[in-house]
Amino acid sequence: MKVGIPSEIYQGELRVAATPKTITRLQKQGFEVSIQKGAGQRANISDSDYREAGAQLIDTAAEIYAKSDIVLKVKEPSLEEITLMKEGLVLLSYLWPAQNMVLMEALAKQKVNSVAMDAIPRISRAQKMDVLSSMANIAGYRAVIEASFYFGRFLNGQITAAGKVEPAKVLVIGAGVAGLAAIGAANSLGAIVRAFDTRKEVAEQIESMGASFLTVEIDEDGATSSGYSKEMSKEFIEAEMKLFLEQAQDVDIIVTTAQIPGREAPKLILDYHVEAMKSGSVIVDLAASTGGNCQLTKNGEVYTTSNGVTIIGKLNQLPNQASQLYGNNLCHLLDDMGKAEKFRIDMEDAVISRAMVTYDGKINWPPAPLQVSPSAGKTEKNTGPSPEELKQREEQKAKSIAISMMIRIAVVGLLLLFVGKYAPPSFIQHFTVFVLAIFVGWQVISNVSHALHTPLMAVTNAISGIIVVGGLLQTKNDFSNTMTIIASIAILVAAINIVGGFVVTHRMLKMFRK
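Within each chain, residues carry numbers counting from 1 in the order of the written sequence. Residues qualify for local features only when their pLDDT is at least 70, as the model is predicted, and side-chain atom pairs are given and counted only at 80 or more; totals for whole chains, interfaces and linings, by contrast, use all residues. Excluded from the side-chain calculation are hydrogens and water; included are all heavy atoms of the structure.

Explain the overall build of the chain here, please?
We count a stretch as a helix when DSSP gives it H or I for four or more residues in a row; a strand needs E for two or more, and each element gets its number in order from the N terminus. Broken down by element type, the chain carries 16 helices and 17 strands. Considering only intrachain contacts with a sequence separation of at least 6, the fraction spanning at least 24 residues in the chain is 62%. Per element, the accessible surface of the chain, about 28,800 Å² overall, is 58% carbon and sulfur. Residue contacts are defined here by distance: any two heavy atoms, one from each residue, within 4.5 Å place the two residues in contact. Using a 1.4 Å probe, the Shrake-Rupley method yields the accessible areas, and only the shown protein chains count as cover for residues.

Help me understand the sheet that holds strand E16 (residues 356-359) in this model?
Strand pairs in the sheet, formed through backbone hydrogen bonds, run parallel or antiparallel to each other. Think of it this way: DSSP has to see at least two bridges between two strands before they count as a pair. Across the sheet, eight strands lie side by side as E3-E2-E1-E4-E5-E6-E16-E17; this open sheet has mixed pairing. The open sheet has two edge strands with one neighbour each: strand E3 (56-58) and strand E17 (362-363). Sheet topology note: the strand E4 (residues 70-72)/strand E5 (residues 90-93) ladder contains three bridges and is parallel. Within E5, the position partnered with valine 71 by the bridge is leucine 91.

When you look at the packing of aromatic side chains in this model, what are you seeing that I'm missing?
Two aromatic rings are characterised by how far apart their centres lie and by the angle between their planes. Each aromatic pair joins two rings of Phe, Tyr and Trp (for Trp, the six-membered one) with centres within 6.5 Å, and gets the label stacked for planes under 30 degrees apart, edge-to-face for over 60, and tilted for any other angle. Under the criterion given, the structure shown has five aromatic pairs. Aromatic side chains phenylalanine 418 and tyrosine 422 sit 5.1 Å apart centroid to centroid with 50° between the ring planes, which places their arrangement in the tilted category. Of this pair, phenylalanine 418 and tyrosine 422 are both found in helix H13 (residues 387-422), four residues apart, which corresponds to roughly one turn of the helix. Considered together, phenylalanine 418 and tyrosine 422 belong to a single accessibility category, that of exposed residues. Ring pairing ties together the aromatic residues Tyr94, Trp96 and Tyr326, which thus form one cluster. Two conditions define a charge located above a ring, namely a distance within 6 Å from the ring centre to NZ of Lys or CZ of Arg, and an angle within 35 degrees of the ring normal. Directly above the aromatic system of tyrosine 10 lies the positively charged group of lysine 75, at a separation of 5.5 Å from the ring centroid. Taking NZ or CZ as reference, lysine 298 lies 4.3 Å from the ring centre of tyrosine 303, over its face. Burial here depends on accessible area, computed with a 1.4 Å probe over protein chains only, as a share of the maximum for the residue type. Under 20% is buried, over 50% is exposed, and the range in between is partly exposed.

Just checking my understanding: could you explain the confidence of the model for the chain for this structure?
A low pLDDT means the predicted coordinates there should not be read in detail. Per-residue confidence for the chain averages 86 on the pLDDT scale, and 89% of its residues sit at or above 70. Scored from 0 to 100, pLDDT records how confident the predictor is in each individual residue. At the level of individual helices and strands, the chain shows its lowest average pLDDT in helix H15 (residues 453-474), which scores 72, and its highest in E4, which scores 97. Contacts from residues 372-383, a stretch scored under 50 in pLDDT, to residues over four places away or in other chains number 15 contacts.

Teacher, can you tell me more about the packing of helix H1 (residues 20-28) against helix H11 (residues 319-336) here?
The geometry of a pair of packed helices is captured by two quantities: the angle between their axes and the separation between those axes. Interaxial angles span 0 to 180 degrees and are taken between N-to-C directions of axes, which are lines fitted to C-alpha atoms, for helices over the stretch in contact. Running from N to C, H1 and H11 cross one another at 10°; their axes reach a closest spacing of 9 Å. As summarised for this structure, H1 and H11 are arranged roughly parallel, according to the angle between their axes. Where H1 abuts H11, its residues Lys21, Thr22, Arg25 and Leu26 lie against Gln324, Gly327, Asn328, Cys331, His332, Leu334 and Asp335. Three classes are used, and their members are as follows: Ala, Val, Leu, Ile, Met, Phe, Trp, Tyr, Cys and Pro are nonpolar, Asp, Glu, Lys and Arg are charged, and the others, Gly among them, are polar. In terms of residue class, the contact of H1 with H11 is built from three nonpolar, five polar and three charged. To sort the angles, those under 35 degrees are grouped as roughly parallel, those over 145 as roughly antiparallel, those from 65 to 115 as roughly perpendicular, and the leftovers as oblique.

Help me out: how do you make sense of the nonpolar core in this one?
Soluble, globular proteins show a tendency: their nonpolar side chains are buried together. Ranked by size, the top nonpolar core spans 47 residues in total, and within it Ile5, Ile70, Leu72, Leu92, Met117 and Tyr326 carry the most contacts. In terms of residue count, H11 provides more of this core than any other element does, six residues in total. The residues contacting leucine 92, other than those within four sequence positions of it, are Ile70, Val71, Leu72, Lys73, Val115, Met117, Tyr326, Leu330, Leu333 and Leu334. By nonpolar core is meant a set of buried Ala, Val, Leu, Ile, Met, Phe, Trp, Tyr and Cys residues that side-chain atoms within 4.5 Å join together. With 30 residues, the next largest nonpolar core counts Val144, Ala178, Ala195 and Val282 among its residues.

For this particular structure, what's the right way to read the sheet that holds strand E10 (residues 192-196)?
Strands sit in the order E11-E10-E9-E12-E13-E15-E14 across an open sheet of seven strands; the sheet is mixed. The open sheet is flanked by strand E11 (212-214) and strand E14 (302-304), the only strands paired with a single partner. Within this sheet the neighbouring strands show an average axis-to-axis angle of 20°, counted without direction. Alignment of E10 against E11, held across three bridges, turns out to be parallel.

Looking at this structure, I do not really get the pattern of salt bridges. What am I missing?
Think of it this way: side chains of opposite charge can pair up when their charged atoms draw near. Salt bridges are defined by distance alone: a side-chain nitrogen of Lys or Arg within 4 Å of a carboxyl oxygen of Asp or Glu. Within this structure, the stated rule accounts for 20 salt bridges. The shortest N-O distance in the salt bridge between lysine 37 and aspartate 59 comes to 2.9 Å. A residue pair is termed long-range when its members are at least 10 positions apart, and lysine 37 in the loop between strand E2 (32-36) and helix H2 (47-53) and aspartate 59 in the loop between E3 and helix H3 (61-67) qualify at 22 residues. Residue lysine 37 is classed as partly exposed on the basis of its relative accessible area, which comes to 42%. Here lysine 86 makes a salt bridge to aspartate 69, at a shortest N to O gap of 3.6 Å. Residue lysine 86 is found in the loop between helix H4 (79-84) and E5, and its partner aspartate 69 is found in the loop between H3 and E4; the two are separated by 17 residues along the sequence. Since its relative accessible area comes to 26%, aspartate 69 is described here as partly exposed. Three or more residues joined by partner-sharing salt bridges are found here, namely Arg125, Lys128, Asp336 and Asp349.

Here it is as structure tokens:
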């Protein structure tokens, strides 16, 4: 099968649907790859890079659409581009089907089987294909970087010979992928980070990223089965606006990320919020393309208000890295569709059926709802055991534990009595040390937090080193000697523990290297 990548016709789109690395991967999947000349120029990828990766360079988009079985794009095609597509072509691209019904009708009329990459359902199996998450991760990180540039001061606090510098205060509204990426970036730069989200289930995620979770006193949850926030009550919104006003007066940077697919972005930062902010403050509106979360945002522009607040309505896309991540998402989807050898459109598949917005000349939108939120499966009806039954179970469990402990103590007591009566004094001394070492070691290791297991390995490696040295001192040339055999086994086990400790520690340290 042949895969084609045309140039993006929109001047503001800097990304490309494939990079040399993803082209190599497509070829390993069995596809023949062709790309239009100059397609990667705005992402700083030259034609020679594509040629070296094994792609065939094509002069025009018309040739790409005529010769390819599958076409990979970033932005949705124009109506003129659709007329160039052949019947039965498989198109993988952003399409925004909820807002582009005219586009859907044109694709269906042309009998193009189109996959909306922005409609990939947010379920565990589809995370590797989720382009919205990939791009949101970049946007959240870039939002903090650009905010720090326009802010013009340190984000972290410092104490220098010249005086003390207070850390910047950052408020992130919305704790989706973009919001969490912004929290991580701001926290790593040393800022004091606060975050707000209507979904209470994300509080732990926010706090785990090093931010403070802000909420209002009204007990209302914004979580939905789609994984996005729902529209809140009037009382909640009023309390929310009051909270944002208090924060606007205090923070230096606000990053807004709230968007609902197929709808205009909710207005969260109003004109009086902006007026309350200090001169030199910055607002980064990641929802600018869908109307903006800030009432004063201008899509595609960066400007400063009369009171000195900079509002950012556009971001550098980081096109090279964004193209790489987007290309990876496309490759994962083609993997799931069977690669070149067994490629097929399975409309029974939960991912394909929901993302394939036009198929066999028909519009397949909107798709059937798919529950993805962990909280959505909860029901109000209580089908569990009654409190009396739970109490009885707890009592029975406590009794069984007590009986089991008494039996164990009795067995250990008898064993110690037998050993004390018949074993020599030197053995008793060593045996006592052995039992105490086991008891103390068990208590120490079992009470250590999982987060500290890697530092603990350094201690266990030191103990294992002592065992190795002790075992070497006990070994002799005579392997028929019992002590030599036991010492050799101890050396082997301790060596395995040391090597394993270093391997695991090395792997965990690599996770934190940039």
